[in-house]
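So the chains spell out like this:
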Amino acid sequence: MRRDDRDDPFDEFFREIERMMNDVMDDARARGGAGGPAASEPSGADVHLDVYEEDDSLRVVADIPGVDKRDIDLRCDGEVLTLDAAGDAREYHERVRLPARVDEHSAAASYNNGILEVTFDRADDSANIDLS
């Protein structure tokens, strides 16, 4: 028995999925992703970032490949860490609200194989006041 594809109940469903995927790919190309015409232009990239709270310190680890160490700019005001970095093909701009107040002057940073690690000492929450 020969099957007639015109009567396939899933045919319309698969055509709609294919249309939606084409729309998504066209949008990605228009934004410069997925090999589109603007793919070689620098653009803001998402930063994969993790924050680890330890007993008396805070550690931020960010995955920012494709930039040179000299092109990374870090700033912290004790509550927010700002990361700006630019390479030949990528730019990163990220502001991270830290989960605890830190002593920004205690910061130590390293960058190796695209992984940025910044550690801070926690700031004292408040000073004890002796009542006399």
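For the structure, check the block above.
Calculation rules
- Residues numbered from 1 in each chain as written.
- Predicted model: local features only at pLDDT ≥ 70, side-chain atom pairs only at ≥ 80, totals over all residues.
- Heavy atoms only, no water.
- Helix = DSSP H or I, 4+ residues; strand = E, 2+ residues; numbered from the N terminus.
- Buried < 20%, exposed > 50% of the residue type's maximum accessible area, 1.4 Å probe, protein only.
- Contact = heavy atoms within 4.5 Å.
- Patch = residues over 30% accessible without salt bridge, like charges linked within 9 Å, V, L, I, M, F, W, Y side chains within 5 Å.
- Areas by Shrake-Rupley, 256 points an atom, 1.4 Å probe, with all protein chains shown as cover.
- Salt bridge = Lys/Arg side-chain N within 4 Å of Asp/Glu carboxyl O.
- Lys, Arg positive; Asp, Glu negative; His and termini not counted.
- Charge placed at Lys NZ, Arg CZ, Asp CG, Glu CD.
- Pairing = 2+ DSSP bridges.
- Axes fitted to C-alpha atoms, helices over the stretch in contact; angles between N-to-C directions.
- 1 Å grid on protein atoms, 1.4 Å probe; cavity = no way out; pocket = protein on both sides within 12 Å on 5 of 7 lines; lining within 4 Å.
- Points joined across faces, edges and corners; volume = space filled by probe spheres on them.

S.K.: Is there a simple way to think about the environment of Asp 71 in this case?
M.R.: Looking at where Asp 71 falls in the secondary structure, it is placed in the loop between strand E2 (57–63) and strand E3 (72–76). A residue is classified by how much of its surface remains accessible, and Asp 71, at 40% relative accessible area, is partly exposed. C-alpha of Asp 71 to C-alpha of Ala 85: the two residues are 14 residues apart in sequence and 5.5 Å apart in space. In this view, Asp 71 contacts Asp 84, Ala 85 and Ala 86; residues no more than four positions away in its chain are not counted.

S.K.: What is the right way to look at a negative patch on the surface in this model?
M.R.: Together, Asp 55, Asp 56, Asp 103, Asp 121 and Asp 124 make up a region of like negative charge exposed at the surface. You can see Asp 124 is positioned in the segment after strand E7 (115–122). Under the relative-accessibility criterion, Asp 124 is labelled exposed at 72%.

S.K.: How should the pairing of E3 be read in this particular structure?
M.R.: When E3 meets strand E4 (residues 80–86), the two strands line up antiparallel, connected through five bridges. When the sheet's bridge partners are listed, Leu 74 is paired in E4 with Leu 83. Between E3 and E4, which follow one another and run antiparallel, lie three residues, and Gly 78 among them has a positive phi close to 100°.

S.K.: I keep staring at the sheet that holds strand E6 (residues 102–112) and nothing clicks. Help me out?
M.R.: Within a sheet, adjacent strands bond to each other through the backbone by hydrogen bonds, running parallel or antiparallel. Pairing within the open sheet is antiparallel, and its four strands lie in the order E1-E2-E7-E6. Strand pairing shows two members of the sheet lacking a second neighbour, strand E1 (48–53) and E6, which therefore form its edges. Averaged over all neighbouring strand pairs, the angle between strand axes comes to 15°, with direction disregarded. For E6 and E7, the ladder comprises seven bridges, and the chain directions are antiparallel. By the bridge assignment for E7, Tyr 111 is matched with Leu 116.

S.K.: Would you mind going over empty space enclosed by the protein with me for this structure?
M.R.: Vacant regions in the atomic arrangement are exposed by a probe of water-molecule size rolled over the atoms. For the coordinates displayed, the defined rule picks out one cavity of 30 Å³ or more. The space that makes up the largest cavity amounts to roughly 40 Å³. Lining of the largest cavity is provided by Leu 49, Val 60, Ala 62, Leu 74, Leu 81, Thr 82, Leu 83, Glu 94, Val 96 and Leu 116. Counting residues per element, the ones that place at least two in the lining of the largest cavity are E2, E4 and strand E5 (91–97). Ranked by residues supplied to the lining of the largest cavity, first place goes to E4 with three residues.

S.K.: Can you help me understand the pattern of salt bridges in this one?
M.R.: Once their charged atoms are close, side chains differing in charge can pair, the charge on each being opposite to the other. Under the criterion given, the structure shown has nine salt bridges. Measuring nitrogen to oxygen at the nearest pair gives 3.1 Å for the salt bridge that ties Arg 75 to Asp 84. A relative accessible area of 21% places Asp 84 in the partly exposed class. Salt bridges sharing partners connect three or more residues here, namely Glu 54, Arg 59 and Glu 117.

S.K.: Before we go on, may I ask you to explain the sheet that holds E3 in this structure?
M.R.: Strands sit in the order E3-E4-E5 across an open sheet of three strands; the sheet is antiparallel. Bordering the open sheet on either side are E3 and E5, each of which pairs with just one other strand. Strand after strand, the sheet turns through a mean of 5° between neighbouring axes, direction not considered. Direction of pairing for E4 relative to E5: antiparallel, over a ladder of seven bridges. Considered in E5, the bridge of Ala 86 is made with Glu 91.

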